[in-house]
Amino acid sequence: MNENAPIQTNNLEAFWMPFTANRQFKKAPRMFVRAKDMHYTTDDGRQVLDATAGLWCVNAGHCRPKITEAIATQAGELDYAPAFQMGHPKAFELAAKLAAIAPTGLDHVFFTNSGSESVETALKIALAYHRAKGDGSRFRLIGRERGYHGVNFGGISVGGIVGNRKMFGTLLTGVDHMRHTHDLSKNSYTRGAIEHGADLADDLLRIATLHDPSTIAAVIVEPVSGSTGVLPPPVGYLQRLREICDQHGILLIFDEVITGYGRMGTAFGADYFGVTPDIMVTAKGLTNGVIPMGAVYVRDTIYDAFMGGGENLIEFAHGYTYSGNPIAAAAGLATLETYKEEGLFERAKALEPVFADALHSLKGEPHVIDIRTIGLIGAVELEPIPGKPTARAFAAFLDAFDHNLLIRTTGDIIALSPPLIVSEAQIGEIVDGLRAVIRRLA
């Protein structure tokens, strides 16, 4: 059998694909069959350079030996152990190692299976924390326009993406949204945190005045909004949110599903910006995208608030069948070891200016209206085709794939987030490939 022969399948219709134009895909499928380091292999044998770390998650590159070996070993030793009233050593070991790299004070970890579940968990912890303190009047949750916090009901309620919300009814009550910080007229072609817009954090004060701050439980933001087009925060913006939350007894939640585990050249976006939240939501890079797993970090004071009452009582009525799954925990431990042994967080920090210089060289190319870079995340915003929103970027995505480059699009924005093992030469290959795509579609 020719291993490079296209895969034949009898039924593409059975799989209802997520966040996919199903009809378009099934007319011309794009299939990956193998991966290694920086490349995918398609079913027709082409090598496709991964400029998106899979889906923002394969931070250490594909099929890394330490991680795959850890999974295989664990599967043969202990495949599953319940997390309700039972435990296994690797879950506790992973939690301790995660707490050790977290910002000071975030010393307790609750395991989930995804970023969406991590967000739901964080929101529930915030609400329950205030109840545990006898402050049950705090029931409101504040998100932000253009925020993305997964696809469960809590996440899309505090999220600010219209397309993710409009089909699903009234969602959670008691939710409000701050203004987003994206303003091309003031902050185009930026590197790192943007110059203008720190005052937009005071929109939280407007909302607090409207509802009374004593009713607000938590505010949730991404340090860098990723899925809505790579929107770095203004200088001082996150610090100001921290001040307002402290002033009014509101919990600050950072959604670090994308910015966590080295993507910013630091362990977390909180470290990059020097702001520590009360709760931190993670997933994706935790296991290098290999096994579903998420982790929610909380401050000691939050954890301790739940630890009253009888010792036989369940303190927090929440969790998942696969919380701290043994195979996922083994993958997480091996992923952390890979990051440390290869110095990948430090590597990402060193590559940040190289990546920024390369991507900003696309300024002036046809239909490019903005470029934004921060850490190893970048965005190239394209001028929409009149009357056809998203069409230009989607055409770029298809053309890039046909020419052996994987990019991601959101609206008319091309987003890039290569694995942290990317070389300077491969950064050049990504940008040169994208330049050729843009010119072919001009």
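What you are looking at is a predicted structure, and each value in this text was computed from that prediction instead of being measured. (Residues numbered from 1 in each chain as written. Predicted model: local features only at pLDDT ≥ 70, side-chain atom pairs only at ≥ 80, totals over all residues. Heavy atoms only, no water.)

(A) Spatial organisation of the overall build of the protein chain. Helix and strand counts for the protein chain stand at 16 helices and 16 strands. C-alpha extents for the protein chain along the principal axes are approximately 65 × 55 × 45 Å. Within the protein chain, the fraction of its 442 residues that count as buried is 52%. If you take every contact in the protein chain between residues at least 6 apart in sequence, the share linking residues at least 24 apart comes to 72%. (Helix = DSSP H or I, 4+ residues; strand = E, 2+ residues; numbered from the N terminus. Buried < 20%, exposed > 50% of the residue type's maximum accessible area, 1.4 Å probe, protein only. Contact = heavy atoms within 4.5 Å.)

(B) How the structure looks around the sheet that holds strand β1 (residues 32-36). Read from one edge of the open sheet, four strands run β1-β2-β3-β14, paired in mixed fashion. The open sheet has two edge strands with one neighbour each: β1 and β14 (405-406). Relative to strand β2 (residues 39-42), β1 runs antiparallel, the two being bridged by four bridges. The residue bridging Phe32 from the neighbouring strand is Thr42, located in β2. (Pairing = 2+ DSSP bridges.)

(C) Layout of the pairing of strand β3 (residues 47-50). Here β2 pairs with β3 via three bridges, running antiparallel. Along β3, the bridge assignment pairs Thr41 with Gln47. Between β2 and β3, which pair antiparallel and follow one another directly, the connecting turn spans four residues, one of which, Gly45, has a positive phi of 90 degrees.

(D) Layout of helix α14 (residues 344-360). The end-to-end C-alpha separation of α14 is 23 Å, in line with the 24 Å expected for 17 residues at 1.5 Å each. At Leu351, α14 shows its strongest bend, of approximately 40 degrees, with the proline Pro353 following within four residues. Within the span of α14, buried status applies to Leu344, Phe345, Ala348, Leu351, Glu352, Phe355, Ala356, Ala358, Leu359 and His360. (Expected span 1.5 Å × (residues − 1). Bend = angle between axes of the 7 residues up to and from the residue.)

(E) Just the packing of α14 against helix α16 (residues 424-440), in detail. Two elements in contact, α14 and α16, have axes separated by 9 Å at closest approach and are oriented at 20 degrees. Classified by the interaxial angle, the pair formed by α14 and α16 is roughly parallel. Here α14 and α16 pass one another in a crossing that is right-handed. Contacts between α14 and α16 pair Leu351, Val354, Phe355, Ala358 and Leu359 from the former with Glu424, Ile427, Val431 and Leu434 from the latter. A breakdown of the residues in the contact of α14 with α16 according to their chemical character gives eight nonpolar, no polar and one charged. (Axes fitted to C-alpha atoms, helices over the stretch in contact; angles between N-to-C directions. Parallel < 35°, antiparallel > 145°, perpendicular 65-115°, else oblique. Left-handed = near helix turned anticlockwise from the far one by under 90°. Nonpolar A, V, L, I, M, F, W, Y, C, P; charged D, E, K, R; others polar.)

(F) Representation of the sheet that holds strand β15 (residues 408-410) in the model. One open sheet accounts for five strands, arranged β7-β12-β13-β16-β15; its pairing is mixed. Single-partner strands in this sheet number two, and they are β7 (190-191) and β15. In this structure, strand β13 (residues 377-382) lies alongside strand β16 (residues 413-416), joined through four bridges in antiparallel fashion. In the sheet register, Ala379 faces β16, and the bridge partner there is Ala415. Strands β12 (368-374), β13 and β16 of the sheet are contacted by α16, whose axis makes an angle of about 165 degrees with β16.

(G) Here's a closer look at the packing of aromatic side chains. By the definition in use, this model includes ten aromatic pairs. A centroid spacing of 5.5 Å and a plane angle of 70 degrees characterise the contact between Phe268 and Tyr297, whose relative ring orientation is edge-to-face. With Phe268 in the loop between β9 (251-255) and α11 (269-273) and Tyr297 in strand β11 (residues 294-298), this residue pair connects regions lying 29 residues apart in the sequence. For the ring pair Phe394 and Phe397, a centre distance of 5.8 Å and an interplane angle of 25 degrees mean the geometry is stacked. With Phe394 and Phe397 both in helix α15 (residues 391-402), this residue pair falls three residues apart, about one helical turn. A relative accessible area of 29% places Phe394 in the partly exposed class. Every member of this aromatic cluster is reached through a ring pair, and the members are Phe32, Tyr40 and Phe401. (Phe/Tyr/Trp six-rings, centres within 6.5 Å; stacked < 30°, edge-to-face > 60°.)

(H) Structural context of helix α4 (residues 89-101). Between its terminal C-alpha atoms α4 stretches 19 Å, which fits the 18 Å expected from 13 residues at 1.5 Å a residue. Within α4 the residues assigned to the buried category are Ala91, Leu94, Ala95, Leu98 and Ala99. Within α4, the buried residues cover an arc of 135 degrees as seen down the axis, which keeps them to one side. When the buried face of α4 is taken as reference, the exposed residues oriented beyond 90 degrees from it are Pro89, Phe92 and Ala100. (Arc of directions from axis to C-beta.)

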